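# Structure at a glance
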Amino acid sequence: MNMTVNSLGRKVPLEVPGVGAFAPYAGPFAKIGGFKPFLAQTQPVRSAVPSRSKVTESLRGAIERSGLRDGMTISFHHHLRNGDAVMPMVLAELQKMGFKNLTFAPSSIPDAHDCIADYVRSGLIGRLYTSGVRGELGKLLSSQEVDIPVVIRSHGGRARALDEGSIKVDVAFLAAPSCDCLGNITGVCGPSACGSLGYAINEARHAAHVIAITDNLVEYPLHPRISIPQYLVDQVVKVDSIGDPAKIATGAARITRSPVNLRVAYNAFLAMKAAGIIEPGFSFQMGVGGASLAVGKFLQDYMLEKQIQGSFGLGGVGGYMADMLSQGLFKTLFDVQSFDNAVTKSMIANPNHMEVDVSWYANPMNAGAIVNNLDCVILGALDADVDFNVNVLTGNDGVLRGASGGHQDAAAGAKLAIVVLPSIRNGVPSIKKKVDVITTPGESVDVIATECGVCINPLRQDLLDLAVKANLPLADISDLKRKAEALAGGEPEPISFDCDRVAAVVEYRDGTLIDTVYKHK
Amino acid sequence: MRASRSMLYIPGDSPKMIQNSPYFGADSILLDLEDAIAMAEKDSARRVVSTFLRNFDFGDLTVIVRINGADTEFFEDDIKEIIPCRPYAVRIPKCSSPEDVLLADRKIAECERRNGIPVGTVKIHAMIETALGLERAFAIASACPRVGALTIGGQDFTADMGVQKTKEGTELFYARCRIVAAAHAAGVEAYDTVWADIDDPEGLYKESKEIVTLGFTGKACIHPSQIEMIHKAFQPSEKELRKAVKIVTAAEEAERNGKGVIAVDGKMVDAPIVARSQHLLELAKMYGMEVAQI
Amino acid sequence: MKLLRTASAGKDDSGDCLVTVSPAEGVSLDYRGANREIFAQRTRNLVEEVLKEKSVDGAAVVIDDHGAIKITIRARLETALERAAKEGAGA
């Protein structure tokens, strides 16, 4: 492969065989602004014979009718998370039907779908476009066993890729918690309800052929909410179950009890206070677990005490944020993915809890996504380096076990991007000299908050001044690295990667390549 | 002056908890080699504690080790291995007489000398867990300069007395009063016993407020979730603080003007009250409270 | 210190490690767990250092690491060695 070095000093391919040419990363905003709009991808045109029902008798029948052939691209959404039954169901059927070399391009891959590794081995899947890779699939792709092109994109980056035609979806199989016979779909009701269909909406807009798969066929017309309108949907398949409700809409995540994570969260909250960002009209995004969620608790108490009302919350919305909306702490919520039952209920009950599609959420190449208006985002990480670069894709063993998600997008868009992580985790320091894989560039990360203190990116002198004034518990990132290494008893030894074999390339949200994931020796 | 409101018990055989202890928010921790550790693991726990004491940076945290009693086979090894690591103090269980304290004092001093440590470096916190110990509380507290605190072990004390330990705590009232008085008379700290019900923070807060009123300087606890409530109970109220600021300001003014008599809100205020007010303001500052000046 | 038997110390809890030592000719280390690649050398160095300190000539050491820091591994290793060398404690 022809490699070049990007502006972060990382080697990336100029071309990925079986995918195409790529430009190297040149800065978070190198490709944004000063850009003349042009008409890229035209929308798929269909001329369906008018009918009163698009319901097909079987999944196999629907696939046959879709015109799917070997080598084509199929997509799914991941809103049903670990409760999803649709990806395994469809892939199993495609395998039975003898398909080969398909490009599997879901919006992301839930942890639970280890079966996908088998479909790569069997040759059903010949190319992978996703946001996340975990579990057995991660181990397989990091090993020497198979060799398929893999492109990892952020949520905003995927929206851009669909718009410009870098991903051309031939058939989208969309799990539909509530669907009528002409293909109007929503996710807020039904036995397998999942809340917002933010990723699914984009898939439906761009795919040449859309098959809705539902376990809840309702009387026409679906009402009161339609997230994906019928004119984008070609066929409807009814199945017994599209997923396990217990794993789709889990109970609200509880605030962590880990003392380290609580301290990390508290330090992040102090950083927010010091930056002067928690003011009326403030906008915020946080994670749904660990330290990232715990920040929400401190923030909530503070906003209640000081009677501060924010303008909007954004995400990946969990029960906590829905709670804050109902308490009047935010005027609105923009929800691209709902994480639990409480969120779905909030969406139904509260018109200020709005469903947004992923392009609206995070696409860098449109007239302005919501991440651009974020005052503050709290992001997790697997590890980070002394240049504030963040890795959310590979673990300490160098195996793929994470997702790009909205990380790059929110970090670039937010005024204050805070990454939360403990300085040492499972006996291994989290701050490295250089992370194995850069997902989010340090240029877009303002603060790294740990249990030992808050590290401020030297690029943000203004923040540093405010932090000193506020007596924030500051820490030097290299110091933290040293202290963590002293506890661990040394710097972790480098993983023996096979630099001749690429496991995956990591796109930045603007389509350039920010880093390469290598296979293990 | 160090904050000593909360003292979190951590089993000596839990390296992860010890490693995370600086982030619990407690003022001090009690690494337990005694009741929390099974007989077969005493050596293992002792080694974890001593290795951490020697190599781990506990930051501002005060570290105390509860060693096994002199009536056990583990006492000598505990002293031998723990004292050279210089914990702030060792907590000695079941002190029933000043002789119990003096024995420990002697053993510790020998160990300090052998290891080139100034004699008296490691303090003793004496646990009163028996009726006999209670009767001799002052003698125990003042047995030697090494004694830094008296503590009450509620579970063992009530067992010794043959009574039930209750949430209301009537059965411990006298013991608490006696211990706190003895401790103050001897010029040492007084730590209250643990609140066992982790799921009843209101009960914990009520008990903590009561013992603060009695004069205890700190309280032990068994779970990090209890620390916040204990600190809340020890926190001077805004009303108290405002009054303290008034008193201290008046005292300073009286001194500047060469006046011997201090009056606040029309009432005379004498020296002990001024001293208490100053102490309260120092405590507030130490606890990180913002005290607005009048 | 002379090792008389196989002995263990530690637990398989998160943040801890289980160390087992046995008498042997020379020093062998079987380091298991998620950190076995990235801390192979650190652990080898630590084991050799402790064995030297305790004047143990030969030992077969197995460490089952669940994310322990160096302090913890050392404490567990020392305890296992002492248990293995204890006189009159039976096989």
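Residues numbered from 1 in each chain as written. Chains lettered and ligands numbered in written order. Predicted model: local features only at pLDDT ≥ 70, side-chain atom pairs only at ≥ 80, totals over all residues.

### Some points on the overall build of chain B
A count of helical and extended segments in chain B gives twelve helices and ten strands. Principal-axis analysis of the C-alpha atoms places the extent of chain B at approximately 65 × 45 × 35 Å. Looking at chain B residue by residue over its 294 residues, the buried ones come to 45%. (Helix = DSSP H or I, 4+ residues; strand = E, 2+ residues; numbered from the N terminus. Buried ≥ 20, exposed ≤ 12 C-beta atoms within 10 Å, placed from the backbone.)

### Comments concerning the sheet that holds strand β5 (residues 55-56) of chain A
Either a parallel or an antiparallel arrangement is found when strands of a sheet pair, and the pairing is made through backbone hydrogen bonds. Residues and elements named next belong to chain A. Read from one edge to the other, the open sheet built from ten strands follows the order β5-β16-β14-β11-β6-β7-β8-β10-β31-β32, with strand pairing classed as mixed. Across the chains shown, the open sheet's two edge strands, defined by having one partner strand only, are β5 and β32 (513-520). Inspection of the sheet shows strand β14 (residues 209-214) paired to strand β16 (residues 235-238) by four bridges, in the parallel sense. Its bridge partner lying in β16, I213 is registered against V237. Sheet strands in contact with helix α1 (residues 59-66) are β5, β11 (171-176), β14 and β16, and its direction is about 165 degrees off that of β16. Each of β10 (150-152), β31 (497-507) and β32 touches helix α4 (residues 135-142); the most contacted strand, β31, lies at about 130 degrees to it. (Pairing = 2+ DSSP bridges. Contact = placed C-beta atoms within 7 Å. Axes fitted to C-alpha atoms, helices over the stretch in contact; angles between N-to-C directions.)

### Regarding the interface of chain B and chain C
If you look at the interface, chain B gives eleven residues, while chain C gives 14 residues. Of all the secondary-structure elements, those providing two or more residues to the side of chain B that touches chain C are α1 (15-20) and α2 (42-55) of chain B. Top element by residues in the side of chain B that touches chain C is α2(B). It accounts for seven residues. Of the residues assigned to the side of chain B that touches chain C, the class counts are four nonpolar, four polar and three charged. (Nonpolar A, V, L, I, M, F, W, Y, C, P; charged D, E, K, R; others polar.)

### A few points about the environment of K521(A)
Residues and elements named next belong to chain A. Mapping K521 onto the fold places it in the segment after β32. The exposed category is assigned to K521, around which 12 C-beta atoms lie within 10 Å. When the C-alpha positions of K521 and N216 are compared, they lie 48 Å apart, and in sequence the two are 305 residues distant. Discounting chain neighbours no more than four positions away, the residues touching K521 are S496, F497 and D498.

### A word on the interface of chain A and chain C
Taken together, the contact between chain A and chain C spans twelve residues of the former and 14 residues of the latter. Its residues assigned to classes, the side of chain A that touches chain C comprises five nonpolar, five polar and two charged.

### Some words on the domain arrangement of chain B
When cut into domains, chain B gives domain 1 (6-234) and domain 2 (238-293). A straight line from the C-alpha centre of domain 1 of chain B to that of domain 2 of chain B covers 33 Å. (Domains from an automatic or database assignment.)

### Notes on the pairing of strand β1 (residues 6-11) of chain B
All names here are of chain B. Here β1 lies mainly inside the structure; five of its six residues are buried. Judged from the three bridges that link them, β1 and strand β8 (residues 218-221) form a sheet pairing that is parallel. For S6, the partnering residue across the bridge sits in β8 and is K219. Both β1 and strand β2 (residues 28-32) contribute to a ladder of five bridges, which runs parallel. Within β2, the position partnered with M7 by the bridge is S28.

### A look at the confidence of the model for chain B
Per-residue confidence for chain B gives a mean pLDDT of 94; residues scoring 70 or more make up 99%. Scored as a complex, the prediction yields pTM 0.93 and ipTM 0.96. (pLDDT = per-residue confidence, 0-100.)

### Things to note about the packing of helix α9 (residues 201-214) of chain B against helix α10 (residues 227-234) of chain B
Between two packed helices, the angle of one axis relative to the other and the distance separating the axes together describe the packing. Residues and elements named next belong to chain B. Relative to each other, α9 and α10 sit at 35 degrees, their axes nearing to 8 Å. Considering the relative orientation of α9 and α10, their crossing is right-handed. Residues P201, L204, Y205, S208, K209 and V212 of α9 touch α10, and the partners they reach there are M229, I230, K232, A233 and F234. Here the residues of the contact of α9 with α10 sort into eight nonpolar, one polar and two charged. (Left-handed = near helix turned anticlockwise from the far one by under 90°.)

### A closer look at the sheet that holds strand β3 (residues 27-33) of chain C
Residue and element names in this part refer to chain C. Within the open sheet, the four strands sit side by side as β1-β2-β4-β3. Their pairing is mixed. Looking at the sheet topology across the chains shown, the edges are occupied by β1 (7-10) and β3. Between one strand axis and the next, the sheet turns through 15 degrees on average, direction left out of account. Along the sheet, helix α2 (residues 70-85) makes contact with β1, β2 (17-23) and β4 (59-65), crossing β2 at roughly 35 degrees.

### Observations concerning the nonpolar core
Ranked by size, the top nonpolar core spans 268 residues in total, and within it L174(A), A268(A), V420(A), A504(A) and L150(B) carry the most contacts. In terms of residue count, helix α8 (residues 259-274) of chain A provides more of this core than any other element does, ten residues in total. If we skip the residues at most four places from it in the chain, V420(A) touches V264(A), A265(A), A268(A), A291(A), S292(A), V295(A), I378(A), G380(A) and A449(A). Judged by nonpolar contacts, the second largest core, of six residues, contains L241(B), I247(B), A251(B) and I262(B). (Core = buried A, V, L, I, M, F, W, Y, C linked by C-beta atoms within 7 Å.)

### Section: unusual backbone geometry
Residue and element names in this part refer to chain A. For the bond from Y220 to P221, the omega torsion is -5 degrees, close enough to zero to count as cis. By the element assignment, P221 lies in the loop between β15 (217-218) and β16. In this model, H223 is joined to P224 through a cis peptide bond whose omega is 0 degrees. Following the sequence through the fold, P224 ends up in the loop between β15 and β16. Non-glycine residue N101 carries a positive phi angle of around 60 degrees. Relative to the helices and strands, N101 resides in the loop between α2 (86-96) and β7 (102-104).

### Overview of α1(A)
Residue and element names in this part refer to chain A. Within α1 the residues assigned to the buried category are L59, A62, I63 and S66. Around the axis of α1, the buried residues are gathered within 100 degrees of arc, so they sit on the same side. α1 presents G61 and E64 as exposed residues on the side facing more than 90 degrees away from its buried surface. In this structure, the buried residues of α1 make contact with β5, α2, β11, β14 and β16. The positive-phi residue at the C-terminal boundary of α1 is G67, with phi of around 80 degrees. (Arc of directions from axis to C-beta.)

### Points about the packing of helix α10 (residues 319-326) of chain A against helix α11 (residues 341-349) of chain A
Residues and elements named next belong to chain A. Two numbers describe how α10 lies on α11: the axes approach to 8 Å, and their chain directions differ by 35 degrees. Pair α10 / α11 crosses with left-handed handedness. Contacts between α10 and α11 pair G319, A322, L325 and S326 from the former with A342, V343 and S346 from the latter. Classifying every residue of the contact of α10 with α11 gives four nonpolar, three polar and no charged.

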